[in-house]
Amino acid sequence: MTESLRGVRLGVDVGQVRVGVARSDPHGVLATPLVTLARDLTAGDGVPSDMAQLVALIAEHECVEVVVGLPINLAGRHGPAAQNVKAYADQLADVITPVPVTLTDERMSTVVASRRLAERGVRGKRQRAVVDQAAAVEILQSWLDAQRRRTR
């Protein structure tokens with residue numbers, strides 16, 4: 001990575017009910033789980049509380065970019081879930097400007113995260129509590145790895 005691209009990034013897994021958040025180290029090597037936010041669908045024209053919490057996290061961690069997982073279906077098309085996430089990302093970009101929001105293909109991230117948690121013996125309610133954060137880690141880590149491969 002070039003020096004100008006150094007800095008913490010947030011990875012975001014947008015779901016219907018929860019928003020999983022992960023963060024990278026300043027060097028863009030490792031993604032770690034941060035928090036799961038309750039999705040606020042009642043804000044109307046205002047800023048939803050989950051986005052307000054993201055704004056606070058971006059400031060707290062001095063983030064240089066937010067990477068949002070886009071759930072493209074296995075056929076490579078943008079279904080209703082992808083449209084929903086794109087609308088969320090567009091609204092988030094307006095709220096956090098000038099911090100850029102990047103969409104990245106997140107096919108299977110929740111499936112992979114669930115499998116990894118199950119392999120570690122995390123199941124049931126305990127898994128539901130952290131699977132969104134784990135999915136955000138998968139999204140951000142695969143994006144970071146792709147950026148590193150591109151700059152070699």
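The rules behind the values
- As a convention, each chain's residues are numbered from 1 in the sequence order in which they are written.
- Reporting in this predicted model follows two pLDDT cut-offs: at least 70 for local features of residues, and 80 or more for side-chain atom pairs to be given and counted; totals over whole chains, interfaces and linings ignore these cut-offs and use all residues.
- Values reported for side chains reflect all heavy atoms of the structure, with hydrogen atoms and water molecules removed beforehand.
- For helices, the axis comes from a line fit to the C-alpha atoms of the stretch in contact; other axes are also lines fit to C-alpha atoms, and the angle between any two N-to-C directions lies between 0 and 180 degrees.
- Labels follow the DSSP assignment, with helices taken as runs of H or I lasting at least four residues and strands as runs of E lasting at least two, numbered in each case from the N terminus.
- Any angle that falls under 35 degrees is termed roughly parallel, while one over 145 is termed roughly antiparallel, one within 65 to 115 roughly perpendicular, and all others oblique.
- Left-handed describes a crossing whose near helix is turned anticlockwise from the far helix through less than a right angle; right-handed describes the clockwise counterpart.
- The contact criterion used is simple: two residues touch if any of their non-hydrogen atoms lie within 4.5 Å.
- Following the grouping adopted for this structure description, the nonpolar residues are Ala, Val, Leu, Ile, Met, Phe, Trp, Tyr, Cys and Pro, the charged ones are Asp, Glu, Lys and Arg, and the polar ones are all others, Gly among them.
- Whenever a carboxyl oxygen of Asp or Glu lies within 4 Å of a side-chain nitrogen of Lys or Arg, that contact is scored as a salt bridge.
- For each residue, the accessible area found with a 1.4 Å probe, counting protein chains only, is set against the maximum for its type, and the residue is called buried under 20%, exposed over 50%, and partly exposed in between.
- Multiplying 1.5 Å by the residue count of a helix minus one yields the expected span of that helix.
- Taking the helix axis as origin, the arc is that swept by the directions to the C-beta atoms.
- Two strands pair under a simple rule: DSSP has to find at least two bridges between them.

## Regarding the packing of helix H1 (residues 49–60) against helix H2 (residues 80–96)
Relative to each other, H1 and H2 sit at 50°, their axes nearing to 10 Å. Looking at the two axes, H1 sits oblique to H2. Judged by the twist between their axes, the crossing of H1 over H2 is right-handed. Residue-level inspection shows Asp 50, Met 51, Leu 54, Val 55 and Ile 58 of H1 in contact with H2, the latter providing Tyr 88, Gln 91, Leu 92, Val 95 and Ile 96. Residues belonging to the contact of H1 with H2 are distributed by class as follows: eight nonpolar, one polar and one charged.

## Things to note about the pattern of salt bridges
A full pass over the atoms with the stated rule returns five salt bridges. A salt bridge links Arg 18 to Asp 132; the nearest nitrogen and oxygen atoms lie 2.5 Å apart. Remark: Asp 132 occurs in helix H4 (residues 124–150) and Arg 18 occurs in strand E2 (residues 18–24); sequence separation between them is 114 residues. Overall, Arg 18 belongs to the partly exposed group, its relative accessible area being 31%. For Asp 132, a relative accessible area of 9% translates into the label buried. Between Lys 86 and Asp 90 there is a salt bridge whose closest N-O contact spans 3.4 Å. On the criterion of helical spacing, the pair formed by Lys 86 and Asp 90 is a turn pair, its members being four residues apart in helix H2. Assessed through its relative accessible area of 34%, Lys 86 is described here as partly exposed. Among the residues examined, Asp 90 registers a relative accessible area of 40% and is labelled partly exposed.

## Looking at H1
An α-helical turn contains 3.6 residues, so any two residues separated by three or four positions project in the same direction. The terminal C-alpha atoms of H1 lie 16 Å apart, and with twelve residues this matches the ideal 16 Å at 1.5 Å per residue to within 8%. Those residues of H1 that sit buried are Asp 50, Met 51, Leu 54, Leu 57 and Ile 58. Along the axis of H1, the buried positions cluster into a sector of 110°, meaning they face one direction only. Exposed residues pointing more than 90 degrees away from the buried face of H1 are listed as Ala 59 and Glu 60. At the exit of H1 stands Glu 62, carrying a positive phi of roughly 50°.

## With respect to the pairing of E2
Among the seven residues that make up E2, five are buried, leaving the element largely enclosed by the rest of the structure. Pairing of strand E1 (residues 9–14) with E2, which is carried by five bridges, proceeds in the antiparallel orientation. Among the inter-strand pairings, Val 12 is bridged to a residue of E2, identified as Val 21. From the end of E1 to the start of E2, which pair antiparallel, there are three residues. Sheet topology note: the E2/strand E3 (residues 31–38) ladder contains seven bridges and is antiparallel.

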